[in-house]
Amino acid sequence: MVTTPGRDTSARGGDAALYDEAGQARFDELIAEDKRIEPTDWMPDDYRKTLVRQVSQHAHSEIIGMQPEGNWITRAPSLKRKAILMAKVQDEAGHGLYLYSAAQTLGTTREQMMDDLISGKAKYSSIFNYPTPTWADMGSIGWLVDGAAICNQVPLCRASYGPYGRAMVRICKEESFHQRQGFEILLHLMRGTQEQREMAQESVNRWYAPALMMFGPPDADSPNSAKSMAWNIKRFSNDELRQRFVDMLVPQAEVLGVTLPDPDLKWNEERGHYDYGELDWDEFHEVLKGRGPMNAVRLERRRTAHEDGAWVREAAAAYASKMAARDERIAS
Ligand code: 3HC
């Protein structure tokens, strides 16, 4: 039986070789048994780095993802729609918070992650670099973007790193509501006037392919997948999830009465899945390099919001230290 060191004492000046070996053995055992790794467990540096990368990118996506929809809060077509949209955008902020907190348990700081985001060093989801010129885009984001997010994120509830998996459970419940409200916006438009139906279709035409690209590059071009899957962080490959999403979308599009903009989309009896057309991966890589339609605007807004919020952070820190000093006085 392997003894459990419990902590990465190698980083704290213990017997590094002994503890690394025992820690690695325990880690391998937990992964093989499909159990959870917790922040106090020893973990290989590469596992920690992979998680910090994925979880912080995910957190940034949630925060940047508030912008395209925030664009419509003041122009929502009714008070009810406005209230729903505000709640949804607020949910995304909460998701960012859970995920930044999960990343912090891996030893990175919130300040570091925020610096990486606003300096343009960190990645966030490609999908949020597209504009939202019409109200129907609120429907498409909910149906397609949140729908893709659910497909991708439900398996992450079983991610081997405890704080990440647990954060994902709550996030997925909320994403499920987001997806339905988007579907309902589109359904409402599709049952409306000719102009409303055209607006819905035009929006779906713009969001469909970028939503499919959210799952990441094709498996053959995905450098991180093999390791992440071996470590039970990712449970399915990018292409497997993309296929699952397409198969899910087709019957939903029929209910809505929208056409998915892909002439190659057809049922493949042999595979038991829908075939779909090649995606424009050059566009995807351009967006990742910061050259998408809205990259500059998204980052600039985030930077400004961060600077404008400096006084809030200072006030919160001052209040926290005042409370800590008071607690210390009471305890002594
Ligand atoms: N946008 C931006 N970058 C992407 C991307 C995308 N859609 N897909 C892949 N990439 C990046 C990867 O981050 C990686 O870059 P890096 O090595 O510099 O970090 C590179 O492209 C190669 O891709 P891989 O497939 O090798 O990377 P991963 O194994 O990490 O898989 C992923 C990518 C599927 C996005 C995975 O990281 C993941 O599942 N992340 C968690 C979910 C997430 O972050 N979703 C973002 C959307 S959040 C959201 O939808 C909010 C909701 O409110 C709508």
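Just so it is clear, the model here is predicted, and its values are computed rather than measured.

Topologically, Lys234 is positioned in the loop between helix 9 (225-230) and helix 10 (238-256). No salt bridge is formed by the buried Lys234; its nearest oppositely charged neighbour, Asp219, is found at 6.7 Å. A distance of 2.9 Å separates the side chain of Lys234 from the side chain of Ser225, its partner in a polar contact.

So, on to the nonpolar core. With 78 residues, the main nonpolar core has Tyr47, Trp143, Tyr164 and Phe245 as its most contacted residues. Look past the residues within four positions of Trp143 in its chain and what remains in contact with it is Gln179, Gly182, Phe183, Leu186, Val204, Leu249, Gln252, Ala253, Leu256, Val258 and Leu260.

The ligand sits among 33 residues. The nearest are Gln57, Glu92, Lys123, Ser222 and Lys234. Note that an oxygen atom of the ligand is positioned 3.0 Å from one of the side-chain N or O atoms of Glu175. Asn224 places a main-chain nitrogen or oxygen 2.9 Å from an oxygen atom of the ligand. A total of 1000 Å² of accessible area belongs to the ligand in isolation, and the protein chains cover 91% of it. At the level of secondary structure, the elements contributing two or more residues to the shell around the ligand comprise helix 2 (45-64), helix 6 (136-153), helix 7 (162-190) and helix 11 (281-291). Among the residues forming the shell around the ligand, the class breakdown is 13 nonpolar, 13 polar and seven charged.

Our focus in this paragraph is the confidence of the model for the protein. When the pLDDT values of the protein are averaged, the result is 94; 94% of them are 70 or greater. Across residues 1-18, confidence stays below pLDDT 50; counting only partners more than four residues off in sequence or on other chains, it has 27 contacts.

What follows covers the environment of Ser228. Mapping Ser228 onto the fold places it in helix 9. On the basis of relative accessibility, which here comes to 1%, the residue Ser228 falls in the buried class. Distance from Ser228 to Thr50, taken between C-alpha atoms, is 7.6 Å for residues 178 residues apart in sequence. Contacts of Ser228, omitting those with residues within four sequence positions, involve Thr50, Arg53, Ile233 and Lys234.

This paragraph deals with helix 2. With 20 residues, helix 2 should reach 28 Å at 1.5 Å per residue; the first-to-last C-alpha distance of 28 Å fits that figure. With 14 of 20 residues buried, helix 2 is to be regarded as a mostly interior element.

Procedures and definitions
Residues numbered from 1 in each chain as written. Predicted model: local features only at pLDDT ≥ 70, side-chain atom pairs only at ≥ 80, totals over all residues. Heavy atoms only, no water. Helix = DSSP H or I, 4+ residues; strand = E, 2+ residues; numbered from the N terminus. Buried < 20%, exposed > 50% of the residue type's maximum accessible area, 1.4 Å probe, protein only. Lys, Arg positive; Asp, Glu negative; His and termini not counted. Salt bridge = Lys/Arg side-chain N within 4 Å of Asp/Glu carboxyl O. Polar contact = N/O pair within 3.5 Å; in protein donor to acceptor, adjacent residues only side chain to side chain. Core = buried A, V, L, I, M, F, W, Y, C linked by side-chain atoms within 4.5 Å. Contact = heavy atoms within 4.5 Å. Near = heavy atom within 4 Å. Areas by Shrake-Rupley, 256 points an atom, 1.4 Å probe, with all protein chains shown as cover. Nonpolar A, V, L, I, M, F, W, Y, C, P; charged D, E, K, R; others polar. pLDDT = per-residue confidence, 0-100. Expected span 1.5 Å × (residues − 1).

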